[in-house]
Amino acid sequence: MIVGVHPLAGFDKVLHYRVPAHLEPLVTVGALVRVPILRAFKLGIVGEVGAPRDFPVDRLKAVAQVVYPFPALTGELLELARWMARYYACGLDGIIETMIPAPVRRGAALKQEKLLAVAQRPDAEELNRLERRAPQQVRLYRFLAEQIRPAPKSLVLSRLGVTAAVAQALVKRGWLREEVRRIERVAYADSHAAGELVAAQPHQLNGEQQAAVDALNADLAAGAFTVSLLLGVTGSGKTEVYLRAIDTALKAGGGVVFLVPEVALTPQTVARLRSRLEAIARGHRCVVWHSFLSEGERLDGWLALATGEARVVVGARSAIFAPVQNLKLIVVDEEHEPAYKQDETPRYHGRDVAVMRAKQAGAVVVLGSATPSLESFTNVEAGKYKLLQLPRRVDARQLPYIEVVDLRIEAAKQRQFAALSGRLVRAMQDRLERREQTILFLNRRGYSSAMLCKQCGHVEQCRHCSIAMTLHRTDDTLRCHLCGDQRAAPVRCPQCGAPDIRWRGLGTQRVEEAVRRVLPRARVERMDADTMGRKDRFREVLGQFRAGKIDVLVGTQMIGKGLDFPNVTLVGLVDADISMHVPDFRANERTFQLLVQVAGRAGRGDRAGEVIVQTFTPQSEAIQFSRHADYAGFAAAELKMRRDFRYPPFRHLIQHLFRGPNPEKLKFYAEQWARLVEKTLGDRVELRGPAPAPIEKIKDEYRWQLWYFTHGVTKVVAELSRLRAEFAWADDVIQVLDVDPMDLA
Ligand code: ADP
Ligand code: ZN
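Rules used throughout
- Per-chain numbering applies: the sequence of each chain, read as written, is numbered from 1 onward.
- Working convention: letters from A go to chains and numbers from 1 go to ligands, in the order in which they are written.
- Restriction of local features to residues with pLDDT of at least 70 applies here, the model being predicted, together with a cutoff of 80 or more for giving and counting side-chain atom pairs; totals for whole chains, interfaces and linings are based on all residues.
- Computation of side-chain values covers all heavy atoms of the structure but excludes hydrogens and water.
- Helix and strand definitions follow DSSP, with helices as H or I runs of at least four residues and strands as E runs of at least two, each counted in order from the N terminus.
- Atoms considered for the radius of gyration are the C-alpha atoms alone. The globule rule reads 2.2 Å times the number of residues to the power 0.38.
- Summary of the burial criterion: residues with accessible area below 20% of their type's maximum are buried, those above 50% are exposed, and those between are partly exposed, where the area comes from a 1.4 Å probe applied to protein chains only.
- The criterion used for residue contact is that any of the two residues' heavy atoms lie within 4.5 Å.
- Using a 1.4 Å probe, accessible areas were evaluated by the Shrake-Rupley method; residue-level cover was limited to the displayed protein chains.
- Charge assignment in this entry is limited to Lys and Arg as positive and Asp and Glu as negative, and neither His nor the chain termini are counted.
- The atom standing in for a charge is NZ when the residue is Lys, CZ when it is Arg, CG when it is Asp and CD when it is Glu.
- Definition of nonpolar core: a set of buried residues of the types Ala, Val, Leu, Ile, Met, Phe, Trp, Tyr and Cys, connected through side-chain atoms within 4.5 Å.
- We count a salt bridge whenever a side-chain nitrogen from Lys or Arg sits within 4 Å of a carboxyl oxygen from Asp or Glu.
- Definition of nearness: a residue and a molecule or strand are near each other if at least one heavy atom of the residue lies within 4 Å of the molecule or strand.
- Think of a polar contact as two N or O atoms within 3.5 Å of one another; within protein, one of them needs to be a possible hydrogen donor and the other a possible acceptor, and neighboring residues in sequence only count if both atoms come from side chains.
- Under the grouping applied here, Gly and all other residues not named as nonpolar or charged are polar, the nonpolar ones being Ala, Val, Leu, Ile, Met, Phe, Trp, Tyr, Cys and Pro and the charged ones Asp, Glu, Lys and Arg.
- Just so you know, the domain bounds were taken from an automatic or database domain assignment.
- Under the pairing criterion, centres of Phe, Tyr and Trp rings, with the six-membered ring standing for Trp, must be within 6.5 Å; the plane angle then separates stacked pairs below 30 degrees from edge-to-face pairs above 60, leaving the rest tilted.
- Placement of a charge over a ring requires the Lys NZ or Arg CZ to be within 6 Å of the ring centre, with the centre-to-atom vector within 35 degrees of the ring normal.
- Here the term donor refers to an N, O or S atom within 2.8 Å of the metal (or 3.2 Å for Na, K and Ca), and because water is left out of the atoms, sites may appear incomplete.
- Angular criteria define each label, namely tetrahedral for four donors with all angles between 85 and 135 degrees, square planar for four and octahedral for six donors with opposite donors over 155 degrees apart and remaining angles between 65 and 115, and irregular for whatever fails these tests.

## A few points about the overall build of the chain
Piece 1. From N to C terminus, the chain includes 22 helices and 30 strands.
Piece 2. Here the C-alpha atoms of the chain give a radius of gyration of 30 Å, agreeing with the 27 Å that 2.2 N^0.38 yields for 745 residues.
Piece 3. Along the first, second and third principal axes, the C-alpha atoms of the chain reach 95 × 70 × 60 Å.
Piece 4. Counting all 745 residues of the chain, 54% fall into the buried class.
Piece 5. Pairs at least 24 apart in sequence give 75% of the contacts found in the chain among residues at least 6 apart.
Piece 6. Of the roughly 32900 Å² of accessible surface on the chain, a fraction of 50% belongs to carbon and sulfur atoms.
Piece 7. Averaged over its 106 positive side-chain charges, the chain has a centre that lies 3 Å from the centre of its 86 negative ones.

## Focus: the nonpolar core
Piece 1. Ranked by size, the top nonpolar core spans 120 residues in total, and within it Met99, Trp673 and Tyr708 carry the most contacts.
Piece 2. It is helix α1 (residues 75-87) that provides the largest number of residues to this core, a total of eight residues.
Piece 3. The residues touching Tyr708, leaving out its near neighbours within four places in the chain, are His652, Leu653, Ile654, His656, Trp673, Val677, Val685, Glu686, Leu687, Leu720 and Leu737.
Piece 4. Ala212, Leu230, Val256 and Val260 belong to the second-largest nonpolar core, a separate cluster that totals 24 residues.

## What to know about the pattern of salt bridges
Piece 1. Applying the stated criterion across every chain yields a total of 40 salt bridges.
Piece 2. The partner of Arg408 in a salt bridge is Asp406, with the nearest N and O atoms 2.9 Å apart.
Piece 3. Its relative accessible area of 46% is what places Arg408 among the partly exposed residues.
Piece 4. It is possible to trace a salt-bridge network through shared partners that takes in Glu403, Arg423, Asp430, Arg431, Arg434, Glu436 and Glu610.

## A few points about the site of ligand 1
Piece 1. As a matter of local geometry, ligand 1 sits amid 18 residues, with His203, Gln204, Gln209, Gly235 and Lys238 nearest to it.
Piece 2. Between a nitrogen atom of ligand 1 and a main-chain N or O atom of Gln204, the distance comes to 2.7 Å.
Piece 3. Side-chain polar atom of Gln209 to a nitrogen atom of ligand 1: 2.8 Å apart, as the coordinates give it.
Piece 4. In isolation ligand 1 exposes 560 Å². Once the protein is present, 80% of that is buried.
Piece 5. Considering each element in turn, the shell around ligand 1 owes the most residues, three residues, to helix α9 (residues 238-251).
Piece 6. Class assignment for the residues of the shell around ligand 1 results in three nonpolar, nine polar and six charged.

## What to know about the domain arrangement of the chain
Piece 1. Looking at the assigned domains, one finds that the chain contains domain 1 (2-106), domain 2 (112-182), domain 3 (191-394), domain 4 (401-448 + 505-641) and domain 5 (652-739).
Piece 2. For domain 2 versus domain 5, the distance between C-alpha centres works out to 70 Å.

## Points about the environment of Arg722
Piece 1. Relative to the elements of secondary structure, Arg722 occurs in helix α22 (residues 713-726).
Piece 2. In this structure the C-alpha to C-alpha distance between Arg722 and Asn567, which are 155 residues apart in sequence, comes to 58 Å.

## A word on the packing of aromatic side chains
What characterises a pair of aromatic rings is the spacing of the ring centres plus the angle enclosed by the ring planes.
Piece 1. Applying the stated criterion across every chain yields a total of 19 aromatic pairs.
Piece 2. Measuring from ring centre to ring centre gives 5.5 Å for Tyr242 and Phe258, while their planes differ by 90°; the resulting arrangement is edge-to-face. Remark: Phe258 occurs in strand β10 (residues 255-259) and Tyr242 occurs in helix α9; sequence separation between them is 16 residues. Just as Tyr242 is buried, Phe258 falls in that class too.
Piece 3. Among the aromatic residues, ring-to-ring pairing joins Phe377, Phe592, Phe625, Tyr631 and Phe634 into one connected group.
Piece 4. A cation sits over an aromatic face here: Arg173 above Trp175, 5.7 Å from the ring centre.
Piece 5. Directly above the aromatic system of Tyr447 lies the positively charged group of Arg473, at a separation of 4.4 Å from the ring centroid.

## Quick notes on the coordination of the zinc ion (ligand 2)
Piece 1. Distances from the zinc ion (ligand 2) to its protein donors, Cys462 (SG), Cys465 (SG), Cys480 (SG) and Cys483 (SG), fall at 2.3 Å.
Piece 2. Seen from the zinc ion (ligand 2), its four donor atoms lie at angles of 106 to 116°, and the figure they make is tetrahedral.
Piece 3. Mapped onto the sequence, the residues coordinating the zinc ion (ligand 2) show the spacing C-x2-C-x14-C-x2-C.
Piece 4. Owing to a relative accessible area of 6%, Cys462 belongs among the buried residues under this scheme.
Piece 5. Residue classification places Cys465 among the buried positions, given a relative accessible area of 1%.

Spelled out as structure tokens, the structure:
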């Protein structure tokens, strides 16, 4: 047997090896093997079985070891990796590394534990006889005879103070037996303790939920690839629909991947899933997958899936690569979330990879959202995806009323700009009296976003990045939110020395301060990346909030999604304009999504919710359509604009970013390159740029960008890759391709 191996050692090609006869039964496509490369042994994945065309077979070296007796990548995942390499313009080795967790890649040994159990019960007389000769053996036997289940050997021996030889003697007698068990570290096993108790009882489905479940069940029964977009308003019970479909897939012996956009969301989702899945089908373990796992947890979860012991995985983006066997269903919750896009190589989009994986596996995909991406919605209109709708909240509760506060009028009324309008303050006071809760959102941490000198107009910028420094009042520092650089906040203008410094732009710290001033008796907590340094802090604060120990929660959008607090009857969006005025063609879409999602946090219990949005541009479409959560209206208006400009989703965008220490050199190379692309590919792509990126400098590196618009990504990527390999780049010009970018800064 001869195999082609993809080494994981950072070179992107296939090397061939002989498989010694004794290893042959273990080697399949996707097996993790150790092979000699140069003078060392390296890990690699078997990519194909068969001899090379251009190398004499008798000179091939031999595979040294097969790490696991099952494939580390299924053939289907390997196929997916190949597609990703072609689509996202990146090396196969990097993708395979992303797909296989680090401890697995290092060939970590399976953690095992020995257990002792009673094999056969001797009669009392026999025991008594032995007690005189070997009292330790009898003591050990009696101890184990009282245990309900097999006990860890090392623990028992040390507890009783007997040696391994004593246990061995009993095994020899046939009274005890030794078992080996893999140690499982179940992530979030403690999640019930953290105030995340969730009902394990399934709800009685309403008509729309039932229709959606029926449609998905039919697709699952047909066993062919389909994608359904579950468009359901916030609080319409999408999770219940996912759970029923998962139930169906599991009962049919299939495997399931459940993607959630952010780690922060995972505990709640996992707690729900866990309790429900235990009810649905006893014995199903739900593997949790995200970047905070310890190596042990990661390895255990991965092994459980690879061996087929567990059949459900729930996790963030990279869970799409979990080695789930016999994949039947993929759920992508909040499919519009930008967090699904990885912002480093390989720059894949978890949702799009999910659809491709399902296509290759013949599985069913459910994409769920109250505000689907225009990409997915367009696929519905084109007939590629099915549409399932949940237009009402469960129990037909009203969607909250959104009131828009026009900050232009507010600013004229009050002489000084205040973070909180009179309307918002009165609503908060009212909640406090009724012992209900308020959430205030502001998508900017810190105190103020810029310092401006009233005398000379100087704005203090980061020395390394082309953005203004943010004031942090908690320790009176100026901090750069891009590179983290910080220094003491000045009391006089660093430029002209004048003492007239004005702090512009709101941050969460300033909002928190304002709330404490207007509601001195309220219990206020702030939740943003600055306060959430500790790993458990997030869940701790959410637990307190749920328990009613906090009246007002101020935070960035990290508290905006997926959380369900019945006692929150007021949600305030302090500055809706932040997401609207950014240089990104998706700014409107983002703002609409943010508004609708944030509004969805209000009034989830029995009481009606109220949402107050503060803005200087109340007339904008994103705000107007969000008032009635009018997704269809917003999509139609926004898609018309996109079509006119031929922006995504009507064409794909590929972003080419050039980075380096020398801005003139960047400009020169970017322009030379653009000329070459125009000449070679001008008929297939439309170029825009090159131009300085919206943020021209980050961490002392200058940035230029060039955009390609195209209908066919893989062909253009192949051409670009060929040209890039031939082009004479300067050493200090780094250039990256980002296909379907989500972050245009
Ligand atoms: P979504 O994800 O669509 O915003 P959720 O799935 O979080 O909504 O459901 C909102 C709430 O409604 C949850 O507390 C859920 O347990 C509950 N729920 C779901 N389906 C039903 C139903 N058929 N009847 C009553 N309550 C339901
Ligand atoms: Zn900086």
